[in-house]
Amino acid sequence: MKHPTVSTVLAACLLGTLSGQITYFDAPSSSSGTTQENSGLTAVWQQFDGVDWVAFDDSLTARAYTSGNWELRLTGPATNAAGTTAYQVGDGDITGGRDAAQIRVIVSGFNPDDSISFSIYNIRAAGVAAIQSAVTTDAAATGLYAGLTTFSSGGVPVLPDGSEGSTSGDQRIRYDAFSGLTGSDTYVIVLDDFDGAGPGDRATLDGFGVEATPAGTAPEFGVPPETYYGAFGDTFTLTYPAVGNPAPGYQWQFSPDDLDPWTDLPGEVGESLEFVNAQPDDLGFYRVVATNTAGTVTSPSVYVDLIYPTPEVSIPAKLTGFPGENLTVTATATGIGALSYEWHKIDGEGDTVLAETSDTLSFTPFTEADAAIYYVAAIDDGTGVTPADFPIAGYSDTLLIVKDPGPIAYFDAPSGNSGTTQLNAGVTAVWQQFDGVDWIDFDDSLSTRASNSGGWELRTTGPGANANSTTAYSAGDTSVDAAQIRVILSGLDPSEVLDFFVYNVRAAGAAKIQSLVTTDTAATGLYGDLTPVVVTTGNEPNVEQVLADGTPGDPGSGDRRFRSLVAAGLTGSSSYAIVFDDFLTSTVGDRTTLDGFGIAGLPPAPDFATWIGGYDVGTLTGFEDDADGDGLDNGLENYLGTDPSVANQGLTNVIKVGNTLTLQHPKNSAPAPDVAAAYLWSRDLSTWHFSGDENEGTTVTFSVSDNTPGTGIATVTATIGGTQPPILFTRIEVTPDP
């Protein structure tokens, strides 16, 4: 088979009829029902009284005509277990075997081109259900009809609603009696007793059904499927049904260029064609031929356009490098052909292509200069495939590699009230717990406790339950949220820039905790707006797996201990409160295990003069000098965090969508304290306006997201309000701020 990746989806449809089912006419129960309308047909019921054909009258019990010897009588639910109106038609006391009773129904309104079928419903009171019947176009006969066909076997038991099934007692039988009738708009169905030979030999009639099959129509296609644009390896379906009578059969065909000859696809004989893991040979044109007894029609062609898929590649989102130690980054990629790799580094010098071409980037050893943003391109050479241009490259998300934060002042959770006040690196830490009413110092007994308001607990987990062999606490809820831990910190230098870390233990599943660093050290109740931290593997950004002494490492089997960055770059205060709580305050017994916290302090940023003195710029040390001639003044380079002695880019990735303009630029995490910056906008490069200012009906408001999409990069969003200007200019204005 030319296209082994193609499989067929079959579909079926019903032939057209009067309503797709049998149209049923029930035997009337009085003269008011002797003329019936159903599905566009008219049925007139008559009875032969021994002399003439007369309409049913109001009294349908046993009657004797003046010439005698016939009967037509109603059998109702009392004598008919099927619970339907039915009639016994037969011969009474006659002499000479004269047949003197029949029923006929004149049915009109047919399409002469339709193929008509009649079915008969009768009741079997005992023995066989037997009846005689005929269908004719002779509606003018004045006497009894001859040549009737006997039906006594082969019928289908049916329920009163016409569906197949049997009832207890008398059985209701459907005989599919006459079919293939055509050419007339009126038919007469005649019904009689079984043989007409014996007095009292009756046949019980319950009604009849009509089914009309419209004349055959050639297949006709509807709206064709659209061209499929996709890639090798896709799974998709083409569906192109045709309508016809009878329902058509199908044969799918293929052509590489939409020209003859077309090739039949073996076994592809449904209205749908499914492609599984599409391959280069599947690229081309497809059509389907629909055939029934009324004709054959070929659909328009549909094109399947497949391209070579771009390779997919991923790398970790964040790693920490320790100066002097080796660090390896491995890319995971998928592609159809042979893959090679191109690693990129983004730092103050721009986007640099590195020499490494394998899936592994190694730092031997890692240095402080290697702390940057990285990404990798996986390049597919398209081995064995010709329908596309190669090579094709796919790019990973960025990886942030940060250097170790340096010395961290670590505060271990105390084991009793003797350790509730701690001193480390000149910082005093006072540990407290909330007892449901007040903040109190830790006491000597830190097992499960309940305050007078009830519903909180704070308990110690010692070496017996903690594989790290460190003191830790479970803070959680037994019935209500009434437990938190806070540590009041004092003795900090307001000029220092501080990072706060939380250490917690994963006993099972993920390590979860909520934390907050605030200057509100005097709160009397529970703290709100805590930030949740969830650690599953330790590979999340700003998370390290650490040993009991706080150094990075895997403690092996048992509980795992993690260090997570929860607040960064805090400055300006000599005292803070760090607060801890369980992860989900709504779940009873959902506890968080706190192991301790740490503080990493960085010296304050140098002023502009000190900063520029660290670069080789000769005499061009002024704020408005441009030492490297890149169009960026030295003061702006300080705000951007770029090297003033090397040419750099300023604003990049400027994109406008609707009323929003976004752009990116490098940004110093600690610009000089005597450097001030503002974002301005203009219509004409002549008059500039600050964020929020209005001009000629237009207002532009700037917002800045630091470290987005990566460390050292800022994303600026300008939201345009009011009148949309035909063109908009933006700039960063940096000024000395002594």
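Residues numbered from 1 in each chain as written. Predicted model: local features only at pLDDT ≥ 70, side-chain atom pairs only at ≥ 80, totals over all residues. Heavy atoms only, no water.

A. Examining the overall build of the chain more closely. Within the chain one finds two helices and 57 strands. In the chain, which comprises 738 residues, the proportion classed as buried is 43%. Across the chain, the fraction of contacts at a sequence separation of at least 24, relative to all contacts at a separation of at least 6, is 65%. (Helix = DSSP H or I, 4+ residues; strand = E, 2+ residues; numbered from the N terminus. Buried < 20%, exposed > 50% of the residue type's maximum accessible area, 1.4 Å probe, protein only. Contact = heavy atoms within 4.5 Å.)

B. Spatial organisation of the pairing of strand E37 (residues 421–424). For E37 and strand E38 (residues 427–434), the ladder comprises four bridges, and the chain directions are antiparallel. By the bridge assignment for E38, asparagine 424 is matched with valine 427. Linking E37 back to E38 in an antiparallel pair, the connection comprises two residues, with alanine 425 at a positive phi of about 55°. (Pairing = 2+ DSSP bridges.)

C. Up close: the pattern of salt bridges. Applying the stated rule across the entire model yields five salt bridges. Where glutamate 164 meets arginine 174, a salt bridge forms, and the shortest distance between an N and an O atom there is 3.9 Å. Of this pair, glutamate 164 sits in the loop between strand E12 (156–157) and strand E13 (171–181) while arginine 174 sits in strand E13, placing them ten residues apart in sequence. With a relative accessible area of 58%, glutamate 164 lands in the exposed category. Arginine 174 sits in the buried class, given a relative accessible area of 10%. Glutamate 733 serves as the salt-bridge partner of arginine 731, at 3.1 Å between the closest nitrogen and oxygen. Linked by salt bridges that have partners in common, Glu164, Arg174 and Asp176 make up one network. (Salt bridge = Lys/Arg side-chain N within 4 Å of Asp/Glu carboxyl O.)

D. Spotlight on the environment of glycine 335. With respect to the helices, strands and loops of the structure, glycine 335 is situated in the loop between strand E29 (332–334) and strand E30 (339–347). In sequence terms glycine 335 and isoleucine 379 are 44 residues apart; their C-alpha atoms lie 8.6 Å from each other.

E. Here's a closer look at the side chain of serine 573. Position of serine 573 among the secondary structure elements: in the loop between strand E47 (560–570) and strand E48 (576–581). Looking at serine 573, its side chain comes within polar contact range of the main-chain oxygen of serine 575, at 2.7 Å. With sequence-adjacent residues up to four places away left out, serine 573 is seen in contact with Leu492, Asp493, Pro494 and Thr519. (Polar contact = N/O pair within 3.5 Å; in protein donor to acceptor, adjacent residues only side chain to side chain.)

F. Seen up close, the sheet that holds strand E50 (residues 652–657). Strands sit in the order E50-E51-E56-E55-E54 across an open sheet of five strands; the sheet is antiparallel. With one partner strand each, in any of the chains shown, E50 and strand E54 (694–695) form the two edges of the open sheet. Pairing of strand E51 (residues 660–666) with strand E56 (residues 713–722), which is carried by seven bridges, proceeds in the antiparallel orientation. Of the residues in E56, the one forming a bridge with threonine 662 is threonine 717.

G. Main features of the nonpolar core. Judged by nonpolar contacts, the single largest core of 27 residues is most densely connected at Trp431, Val487, Leu489, Phe500, Ile578, Phe580 and Phe597. Contacts of phenylalanine 597, omitting those with residues within four sequence positions, involve Ala409, Tyr410, Phe411, Ala429, Trp431, Val487, Leu489, Phe501, Val502, Tyr503, Ile578 and Phe580. Membership of the second largest hydrophobic core comes to 26 residues, among which are Val105, Phe118, Ile173 and Ala212. (Core = buried A, V, L, I, M, F, W, Y, C linked by side-chain atoms within 4.5 Å.)

H. Spotlight on the packing of aromatic side chains. Under the counting rule described, the total for this entry stands at 29 aromatic pairs. When the centroid spacing of 4.8 Å and the interplanar angle of 5° are considered together, the rings of phenylalanine 411 and phenylalanine 597 count as stacked. In this pair, phenylalanine 411 sits in strand E36 (residues 409–412) while phenylalanine 597 sits in strand E49 (residues 592–602), placing the two residues 186 residues apart along the sequence. A relative accessible area of 0% places phenylalanine 597 in the buried class. Taken together, the aromatic side chains of Phe25, Trp45, Phe110, Phe118, Tyr187 and Phe208 make up a single cluster linked through ring pairs. Geometry around phenylalanine 501 places arginine 563 over its ring, the cationic atom sitting 5.4 Å from the centre. (Phe/Tyr/Trp six-rings, centres within 6.5 Å; stacked < 30°, edge-to-face > 60°. Lys NZ or Arg CZ within 6 Å of the ring centre and 35° of its normal.)

I. Geometry of the sheet that holds strand E57 (residues 729–736). The strand order across the open sheet built from three strands is E53-E52-E57, with neighbouring strands paired in antiparallel fashion. Single-partner strands in this sheet number two, and they are strand E53 (688–690) and E57. For this sheet the average axis-to-axis angle between neighbouring strands, irrespective of direction, equals 40°. Sheet topology note: the strand E52 (residues 675–682)/E53 ladder contains three bridges and is antiparallel. What sits directly across from serine 682, in E53, is tryptophan 688. (Axes fitted to C-alpha atoms, helices over the stretch in contact; angles between N-to-C directions.)

J. Summary view of unusual backbone geometry. Residue proline 261 is reached from aspartate 260 by a cis peptide bond, and omega for that bond is 0°. By secondary structure assignment, the location of proline 261 is in the loop between strand E20 (249–255) and strand E21 (263–264). Cis geometry marks the peptide bond from threonine 364 to proline 365; its omega dihedral reads 0°. Tracing the backbone through its elements, the reader meets proline 365 in the loop between strand E32 (360–363) and strand E33 (372–380). One non-glycine residue, aspartate 258, lies in positive phi territory at about 70°. Secondary-structure assignment places aspartate 258 in the loop between E20 and E21. Among the residues examined, aspartate 258 registers a relative accessible area of 32% and is labelled partly exposed. In this model, asparagine 653 sits at a positive phi of 50°, which is unusual for a non-glycine residue. Inspection of the secondary structure assignment puts asparagine 653 in strand E50.

K. Fine view of the environment of aspartate 643. Note on placement: aspartate 643 falls in the loop between helix H2 (634–640) and E50. Linking aspartate 643 and glutamate 349, residues 294 residues apart in sequence, is a C-alpha distance of 7.6 Å. Aside from chain neighbours lying at most four places away, what touches aspartate 643 is Tyr615, Asp628, Glu637 and Asn648.

L. A look at the environment of proline 157. If you trace the backbone, proline 157 turns up in strand E12. Linking proline 157 and glutamine 171, residues 14 residues apart in sequence, is a C-alpha distance of 6.8 Å.

M. Focus on the pairing of strand E31 (residues 350–353). Summarising the sheet, E30 and E31 pair through four bridges and their orientation is antiparallel. If you follow aspartate 347 over to E31, its bridge partner there is glycine 350. The antiparallel pairing of E30 with E31 creates a hairpin that spans two residues between the two strands.

N. Representation of the side chain of glutamine 132 within the structure. With respect to the helices and strands, the residue glutamine 132 is situated in strand E10 (residues 131–136). Taking the relative accessible area as the measure of exposure, glutamine 132 reaches 13% and is therefore buried. Only 3.4 Å separates the side chain of glutamine 132 from the side chain of threonine 150, close enough to count as a polar contact.

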